Every structure is written in structure tokens, then in C-alpha cells.
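Architecture at a glance
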Amino acid sequence: GAVVSQHPSRVICKSGTSVKIECRSLDFQATTMFWYRQFPKKSLMLMATSNEGSKATYEQGVEKDKFLINHASLTLSTLTVTSAHPEDSSFYICSATYTDTQYFGPGTRLTVL
Amino acid sequence: SQKIEQNSEALNIQEGKTATLTCNYTNYSPAYLQWYRQDPGRGPVFLLLIRENEKEKRKERLKVTFDTTLKQSLFHITASQPADSATYLCALDPREAGTALIFGKGTTLSVSS
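Right, let's walk through the structure included here. (Residues numbered from 1 in each chain as written. Chains lettered and ligands numbered in written order. Predicted model: local features only at pLDDT ≥ 70, side-chain atom pairs only at ≥ 80, totals over all residues. Heavy atoms only, no water.)

**Comments concerning the packing of aromatic side chains**
What counts here: Between the rings of Phe, Tyr and Trp (Trp by its six-membered ring), a pair exists once the centres lie within 6.5 Å; its type follows the angle of the planes, with under 30 degrees stacked, over 60 edge-to-face, and the other angles tilted. Secondary structure follows DSSP: runs of H or I at least 4 residues long count as helices, runs of E at least 2 residues long count as strands, and numbering of each begins at the N terminus. The classification of residues rests on relative accessible area computed with a 1.4 Å probe and restricted to protein chains. Under 20% of the type maximum is buried, over 50% is exposed, and intermediate values are partly exposed.
Tallied over the full model, the rule gives 12 aromatic pairs over all chains. Both rings, one in F28 of chain A and one in Y98 of chain A, keep their centres 5.1 Å apart while their planes meet at 45°; by these two values the pair is tilted. Taken together, the residues F28 of chain A in the loop between β3 (19-25) and β4 (32-38) and Y98 of chain A in strand β9 (residues 90-98) connect sequence positions 70 residues apart. Take Y98 of chain A: its relative accessible area is 38%, and that puts it in the partly exposed class. Ring centres 5.5 Å apart and planes at 55° place the aromatic pair Y36 of chain B and F103 of chain B in the tilted group. On the criterion of sequence distance, the pair formed by Y36 of chain B in strand β4 (residues 32-38) and F103 of chain B in strand β10 (residues 102-103) is long-range, its members being 67 residues apart. For the pair formed by Y36 of chain B and F103 of chain B, the shared burial category is buried. Among the aromatic residues, those joined into a cluster by ring pairs are Y36, Y103 and F104 of chain A together with Y36, F46 and F103 of chain B.

Below, the structure written as C-alpha cells:
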């Protein structure tokens, strides 16, 4: 149990386009999901907390207009990187909490050309 | 604010030996502490959770200890194998419901045959 999926696993896009990443809790309901960003050989960096039915809470320094988060149901949160630029290229990971434990998705590798 | 430190960025050991990873925290004693494994290009995978009233927890070749006096957790992998090579993350409960775990930067373990 407690499986989190992400889609797509890998995406390449042109600069200026928007990319949507989906995070799903497959066998449990998650009122809260978290979005992280990770650079090569660096630690996880929390971007935002996604709350079902309400606005996301963004960490300091994360542009909310750049990284749009929608948590429309108890099993789905989406992260949209708007007007992507090469510096947005990174590994994006979501997680959801189930019985005190955060379960992570497999991650999405975004490459912006 | 709570700070969490994983003393070594990297740990190299020989196959068959016991790997011991350290996690220290500086502020309040967490209600629980967790260990995750992360492989390159993948999301973290939950391994073990230990609560403040537990001294030790085991799962197959893994053992976690929790010393609230020393403010420290030790993570042991016995009879280590090259397949155990990965980055191991320590995480503390945030004390505030609906907020993310507090993660250490991780220790990268390399087990050579």
C-alpha cells in the first residue's frame, strides 16, 4: 500500500512552453501533497505544500506564478511549470503523507531546451 | 528552528561489513524519525520509522536506533552488499500537522565488492 505515482517520468520541452506534472496517490487519499525539486547530487528542496480544495503554500523564494499547483481531488495534485526556461530543468518529486510517513513518487525529469 | 545533520556526505565500505550512518538533530525531540533510500534519478523510498518511545527497530538487515538524550539516530546495514549503494536520508516529523518532514542532506553509501 501507500503508492504514489507521477506522470510523466521524463519530459523535454522548448523554452517558453508550459509543462504539467501529475502526482497521484494510488491506494490512499491525501489531503496534503508536497512538491520538491532536486538538482544533481543535491538534497531535496521543498517547493510547496499542496492542500486539497485550497491554495498551495509556497516556500520562500518559489514563484507561485511560475509553479502553479492544483490539488483538485484527494488523489491528484498537479504542478504546472509555466513559460519554462532552461534554468527550470530539474528533477521534480512529489510526495503524500500516509500514517505519519511521506511516500514519494518516482520523480519527473524536466529538460527545457 | 529544527536542524538535522547527517554527518558524512559519503561513506565507503567493503562488502560484508556493517555500514553505520548518523543523523543528529539540534532542537526539539521529534515524535518520530524516518529513514529513506534514494537511488540516482529516483524518488526517495521509505525504509523505517522509529518513534520516540522506541530504542531500536529492525527490518531484515536494517537496524535503526533512536537516542533522545544524544539527539541522535543511527542507521545500520549489516552484511552490506553492492546493491545497498545509494543515498540514505534521515527525516524528522515536523510537529505541525500537514507540513512536510524535515530532511537531512543525505549520506551516499558506496559498497565495494
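Here the narrative resumes.
**Side note on the sheet that holds strand β3 (residues 19-25) of chain B**
All names here are of chain B. Threshold: We call two strands paired when DSSP finds no fewer than two bridges between them. Lines fitted to C-alpha atoms define the axes, with helix axes restricted to the stretch in contact, and inter-axis angles between N-to-C directions lie between 0 and 180 degrees.
In space, the 5 strands of this open sheet follow the order β1-β3-β8-β7-β6, with antiparallel pairing throughout. This sheet does not close on itself; its edge strands, each paired only once, are β1 (4-6) and β6 (56-59). Within this sheet the neighbouring strands show an average axis-to-axis angle of 15°, counted without direction. With 3 bridges connecting them, β1 and β3 associate as antiparallel partners. Residue pairing in the sheet places I4 in a bridge with Y25 of β3.

Distances and angles like these do not, on their own, reveal function.
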